[in-house]
Structures are given as structure tokens and as C-alpha cells.
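# Working through the structure, step by step
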There are 2 protein chains.
Amino acid sequence: MFTLDPRLAADTIEVTRLPLCRVLLMDDANWPWLILVPERVGAVEIFDLSAPDRAVLIEEMARAAAILKDVTGALKINVGALGNVVRQLHVHVIARFENDPAGTAPVWGAAPRRPWKPDDAERFLEGLRTRLA
Amino acid sequence: MFTLDPRLAADTIEVTRLPLCRVLLMDDANWPWLILVPERVGAVEIFDLSAPDRAVLIEEMARAAAILKDVTGALKINVGALGNVVRQLHVHVIARFENDPAGTAPVWGAAPRRPWKPDDAERFLEGLRTRLA
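What comes next concerns the included structure.

## Some thoughts on the overall build of chain A
Of the regular secondary structure elements, chain A holds 3 helices and 5 strands. Computed over C-alpha atoms, the radius of gyration of chain A comes to 14 Å, within 12% of the 14 Å expected from 2.2 N^0.38 for 133 residues, which places it in the range of a compact globule. The buried share among the 133 residues of chain A stands at 55%. Residue pairs at least 24 apart in sequence account for 56% of intrachain contacts in chain A once pairs closer than 6 positions are excluded. Accessible area for chain A stands at about 6000 Å²; split by element, carbon and sulfur atoms hold 53% of it. When the 16 basic and 18 acidic side-chain charges of chain A are each reduced to a single mean position, those positions are 1 Å apart.

Okay, structure coming up:
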């Protein structure tokens, strides 16, 4: 049975569940930052998924990216599955802005984590949930 | 007509061409590092591609990642489409190792670029081309 990696669980707030992926909000208000986790036991690399699951994954990634860009007015969306620290396959979908705390660098390690204020998170999540439903 | 971004062209060596993507080797021997560029004019985000192109893209990503892991014995493959500097849609596929120059951090900006020695690059490319063909 699929269980979410404890570190991902600790660092995020659940947004919604799509057919393949659990969608999480990274609890770091420096960037609007989603994480998509395919609910497949033992998947580490994208080639661990079946081809049909991969086809669903990239559609869910594209949909999350398009909605995130639309909702935030981002300049660019970063998408990435790195897994250097947490091995459970997960895909970052991150809204980037001109003059954001990481400049043109990747976000990981670029700024101290700044937890969302509960009211701001609730508002942001509500908009996302409506669009992702 | 599709043309490769000049910065991508300057930093890489062409490996091969797949049905959708041009496959490039980043000219940085710190990591075995491929870049897949969908040959589609004006694509910046994954949601700029058509759904059929996206389905091909994730298969080409998975195939490149699996081959790269197999050929290098990597601990983990990083996959990412960031685009903070070069806007033309391109997907990094990077082999990571225990104690590599970036540790558990992302590779971008982690170490000075170390161009491949021509003989090493040729040997590595030959193996990749055979497997990707």
C-alpha cells in the first residue's frame, strides 16, 4: 500500500488527489511550490512507472504547471524530479518570478524556508483546489 | 523552423536525434549530463507542447534516464526542466553519484564547468548512441 514519505509529509500541506498523483503544497511561502507524488509503491525514477502511468504523470504535471502559472502570474515554471534527499518519486512544480529569492538559480537551498501564514495558505489552496478539481 | 538556442548549442555536444527531441551532452565532465530539447518552435513550458508530444517527451526522458543510469551506474538520476536562463524548453537528465561534486544539492552552479576530454567524450558518446539508436 502506498504511503507518503515522512519527510514529504512533514514539509507539505495536502492540496488534492489526482488520478495518479497526490498534490502537495511545499510549506515555503518564498515560492508557490507544488509537489506531485505518484501513488505507486517503490517508484524512485520515472522509468520505474509503467508507460501508461507516465502518460498520466506528464499530463498531471502539465496541468499543475499551467494552473500554477495562471493563478500566480509566474514568469516561468520549474519542473523537476531530483530525489537526491527523498528517494520516493516526486515532481516539483515551482512558480518563479523576476527578482524572486533565488534569482535565476534553482530554489533548493536558495533561501531559508518561510512557512505559509495559515490564512494565506488557505486562500491559495482554495483557488488551486477549485482549478484542479 | 526549429533552431537550437545558441547557448544550449555552445554548451553541449550533439548525441543523437530522437523522434521528438534532440539529445545533447552537456560539456561538463563533472556529471554525465544529457539535455533533451523537443524540436518544437516556441515551446517554453511543458504545457506549450501538444498532449501527443508530451506523451512522446516523457517516454524519451524515461529512456534517456534508464540508459544513462545503466551506462554510468549512477545512484540517482535527476530530471528537470527549469528554464530560468535559457527559455527554450529543454529537459536535463543528470547522473548523480554518492560523493559527486554537488553532494545532495542540485548540480546547477555547484562546481566550475570541466569540459570533457575529447577521447573520453567520444567513447561515452559512442556507448550512448548505440543504446539510444
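Now, onward.
## Points about the relation of the copies chain A and chain B
It takes a turn of 180° to lay chain A on chain B, together with a shift of 0.0 Å along the axis; the resulting RMSD is 0.0 Å. Accordingly, the operation relating the two chain copies is best matched by a two-fold axis. For chain A, the smallest separation between a C-alpha atom and the rotation axis is recorded for G80(A), amounting to 1.9 Å. The residues that chain A uses at the interface reappear at the interface of chain B in 100% of cases, marking a shared surface.

## What about empty space enclosed by the protein?
The gaps of empty space that remain are located by a probe, the size of a water molecule, rolled over the atoms. Under the counting rule described, the total for this entry stands at 3 cavities of 30 Å³ or more. Taken together, 15 residues line the largest cavity, and the ones lying closest to its centre are M61(A), V79(A), G80(A), M61(B) and V79(B). Contributing elements (two or more residues each) for the lining of the largest cavity: α2 (51–72) and β4 (76–81) of chain A together with α2 (51–72) and β4 (76–81) of chain B. Residues belonging to the lining of the largest cavity are distributed by class as follows: 13 nonpolar, 2 polar and no charged.

## Some points on the nonpolar core
By size, the foremost hydrophobic cluster in this structure holds 66 residues, and its most contacted members are L34(A), L36(A), L57(A), L34(B), L36(B) and L57(B). Apart from residues lying up to four places away in sequence, L36(A) is in contact with C21(A), R22(A), V23(A), E60(A), M61(A), A64(A), L89(A), H90(A), V91(A) and V93(A). Counting 30 residues, the second largest nonpolar core, distinct from the first, contains I35(A), V86(A), W31(B) and I35(B).

## Quick look at unusual backbone geometry
In this structure, N99(A) takes a positive phi of about 60° despite not being glycine. Among the secondary structure elements, N99(A) is positioned in the loop between β5 (91–96) and α3 (118–132).

## Thoughts on the packing of α2(A) against α3(A)
The relative placement of two packed helices comes down to the angle between their axes together with the axis-to-axis distance. Residue and element names in this part refer to chain A. At a minimum axis separation of 10 Å, α2 and α3 run at an interaxial angle of 135°. Relative to α3, the element α2 is oriented oblique. Considering how the two elements wind past one another, α2 and α3 form a crossing that is right-handed. Across from R63, A64, I67, L68, D70, V71 and T72 in α2, the residues of α3 making contact are F124, L128, R131 and L132. Residue composition of the contact of α2 with α3, grouped by class: 7 nonpolar, 1 polar and 3 charged.

## Brief notes about the packing of aromatic side chains
Each aromatic ring pair is summarised here by two numbers: the centre-to-centre distance and the angle between the ring planes. All names here are of chain A. Within the structure shown, the criterion is met by 6 aromatic pairs over all chains. Aromatic side chains W33 and W108 sit 6.4 Å apart centroid to centroid with 90° between the ring planes, which places their arrangement in the edge-to-face category. Taken together, the positions of W33 in strand β3 (residues 33–38) and W108 in the loop between β5 and α3 put the pair 75 residues apart, joining distant regions of the chain. The residues W33 and W108 share a single accessibility class, namely buried. Both rings, one in W116 and one in F124, keep their centres 5.0 Å apart while their planes meet at 15°; by these two values the pair is stacked. One aromatic cluster in this structure is built from W31, W33 and W108.

Calculation criteria
Residues numbered from 1 in each chain as written. Chains lettered and ligands numbered in written order. Predicted model: local features only at pLDDT ≥ 70, side-chain atom pairs only at ≥ 80, totals over all residues. Heavy atoms only, no water. Helix = DSSP H or I, 4+ residues; strand = E, 2+ residues; numbered from the N terminus. Rg over C-alpha atoms; globule rule 2.2 N^0.38 Å. Buried < 20%, exposed > 50% of the residue type's maximum accessible area, 1.4 Å probe, protein only. Contact = heavy atoms within 4.5 Å. Areas by Shrake-Rupley, 256 points an atom, 1.4 Å probe, with all protein chains shown as cover. Lys, Arg positive; Asp, Glu negative; His and termini not counted. Charge placed at Lys NZ, Arg CZ, Asp CG, Glu CD. Least-squares fit on C-alpha atoms with pLDDT ≥ 70 in both. 1 Å grid on protein atoms, 1.4 Å probe; cavity = no way out; pocket = protein on both sides within 12 Å on 5 of 7 lines; lining within 4 Å. Points joined across faces, edges and corners; volume = space filled by probe spheres on them. Nonpolar A, V, L, I, M, F, W, Y, C, P; charged D, E, K, R; others polar. Core = buried A, V, L, I, M, F, W, Y, C linked by side-chain atoms within 4.5 Å. Axes fitted to C-alpha atoms, helices over the stretch in contact; angles between N-to-C directions. Parallel < 35°, antiparallel > 145°, perpendicular 65-115°, else oblique. Left-handed = near helix turned anticlockwise from the far one by under 90°. Phe/Tyr/Trp six-rings, centres within 6.5 Å; stacked < 30°, edge-to-face > 60°.

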